[in-house]
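Topology and contacts: notes
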Amino acid sequence: MATIGFIGIGNMGTGMARNLVGAGHEVTVFDLDAEKASGIEGAMVAASGEAAAAGRDIIITMLPAGPIVAKVYRDTIIPNAAPDTLFIDCSTIDVETARILAEEAHGAGFRMLDAPVSGGVAGADAGTLAFMVGGSAEGFAQAEPILGVMGAKVVHCGEAGAGQGIKICNNMMLAIQMISVAEGFALAEKLGLSPRSLFDVSSAASGQCWSLTTYCPMPGVGPQTSADKDYQPGFAAGLMHKDLGLAMEAASGVGADVAFGRAAYDVYERMVEAGDAGVDFSGVIRGKRGVS
Ligand code: NAD
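Below you will find a few notes about this structure. Residue indices begin from 1 for each chain and proceed along its sequence in written order. Owing to the predicted nature of the model, reporting of local features is limited to residues with pLDDT of at least 70; listing and counting of side-chain atom pairs is limited to 80 or more, with chain, interface and lining totals taken over all residues. The side-chain values count all of the structure's non-hydrogen atoms but skip hydrogen atoms and water molecules.

Here a helix means four or more residues in a row that DSSP labels H or I, a strand means two or more in a row labelled E, and each is numbered from the N terminus. Along the backbone of the chain there are 13 helices and nine strands. The C-alpha atoms of the chain give 20 Å as radius of gyration, which agrees with the globular expectation for 292 residues (19 Å, within 12%). Once the C-alpha set of the chain is aligned to its principal axes, its extents read approximately 65 × 45 × 35 Å. Sorting the 292 residues of the chain into buried and exposed places 50% on the buried side. In this setup the radius of gyration rests on C-alpha atoms only. A globule is expected at 2.2 Å times the number of residues raised to 0.38. Here's how the labels work: a residue is buried when its accessible area is under 20% of the maximum for its type, exposed when over 50%, partly exposed in between, all with a 1.4 Å probe on protein chains only.

Attention now moves to the site of the ligand. The rule for a residue being near a molecule or strand is that one of its heavy atoms must lie within 4 Å of it. Around the ligand, a shell composed of 25 residues is seen, among which Asn11, Met12, Asp31, Leu63 and Lys242 lie nearest. At a separation of 2.8 Å, an oxygen atom of the ligand approaches a polar backbone atom of Leu63. Notes on the ligand: free accessible area 830 Å², of which the protein chains cover 86%. Looking at the shell around the ligand, the elements with two or more residues in it are α1 (11-22), α4 (66-80), α6 (120-126) and α11 (237-254). The class makeup of the residues in the shell around the ligand is 14 nonpolar, seven polar and four charged. Any pair of nitrogen or oxygen atoms within 3.5 Å is treated as a polar contact; in protein, a donor-acceptor pairing is required on top of that, and neighbouring residues in sequence qualify only through side-chain atoms on both sides. Only the protein chains shown count as covering a residue, and every accessible area follows the Shrake-Rupley method with a 1.4 Å probe. Ten residue types, Ala, Val, Leu, Ile, Met, Phe, Trp, Tyr, Cys and Pro, are classed as nonpolar, four, Asp, Glu, Lys and Arg, as charged, and the remainder, Gly among them, as polar.

With that out of the way, let us pick up the nonpolar core. What is meant by a nonpolar core is a set of buried Ala, Val, Leu, Ile, Met, Phe, Trp, Tyr and Cys residues, joined one to another through side-chain atoms within 4.5 Å. Ranked by size, the top nonpolar core spans 37 residues in total, and within it Phe185, Met240, Leu244, Tyr268, Phe281 and Val284 carry the most contacts. Where this core is concerned, the elements lending two or more residues are α8 (162-190), α11, α12 (259-273) and α13 (284-289). Ranked by residue count, the leading element in this core is α8, at nine residues. Excluding residues that lie within four positions of it along the chain, Val284 makes contacts with Met178, Ile179, Ala182, Val267, Tyr268 and Met271. In this structure, Ala43, Ile88, Val117 and Ala143 belong to the second largest nonpolar core, which totals 33 residues. The contact criterion used is simple: two residues touch if any of their non-hydrogen atoms lie within 4.5 Å.

In structure tokens:
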């Protein structure tokens, strides 16, 4: 069993840390919000990030954004970790920061993996996340059994930054598909057509995609989704906006043509500006249908 320092016990980190404790690992947690850190039964609560980082086999971070991850690594983790500690950052951050931090960790004698996730809070709680991992083959081999406790699928995507890269490509595809499904249902409705007919046909035809069959934004058709719960997240529009921003940043760095990704970014930006950052990302259909 491994000794694990876990920094960032928020919506995602809570379930992930609980599953590590449940698998018998010795987990020490830290969050700036002491109340969140104390909510993991069976884990030790560190008084500081330094204390959570010191003397562990593995340090996992699950933090809001790149600048916070960089600061925690530079100020807290790298200076205090024991030799041979493996670092795993599960936060969603930009590819560039992930690569730079891996280099800095490597320069200080450590292995570091970027291992962002897909699957949301429900996946974190159930231990069914998908991990997209960037870093060395040796680091991946060491991390795989630990990530397997928190996830149902663990994929080695390539060198440092590759996990973050795959994550933002996937989420850009998801955003475009969600908007396409929302526009399809809104158009059908305005044409006086039955949403159930559209679902029944498209879910078995060429318009089929995950945003339609598994996460349908139109309430009352298909499986129960966030749409049937007044668009409670799920996956909040604000987080989709963040991921699309990372995708746009990466695309402009390499000159990729992501015209539909850019349009999707603008759509979610408008949702956030309208005060709907906390609404599920499938709630984008409300604007298309003209309902609130
Ligand atoms: P969250 O805001 O609920 O949790 C982040 C936690 O980090 C908070 O508890 C906060 O107090 C803590 N924190 C912030 N700065 C800190 C510091 N310097 N030291 C220690 N703790 C600190 O966010 P979340 O929903 O758990 O998401 C975490 C990451 O996972 C994000 O990068 C997000 O993009 C990604 N993600 C989230 C989801 C989702 O559905 N929520 C899905 C996939 C990926």
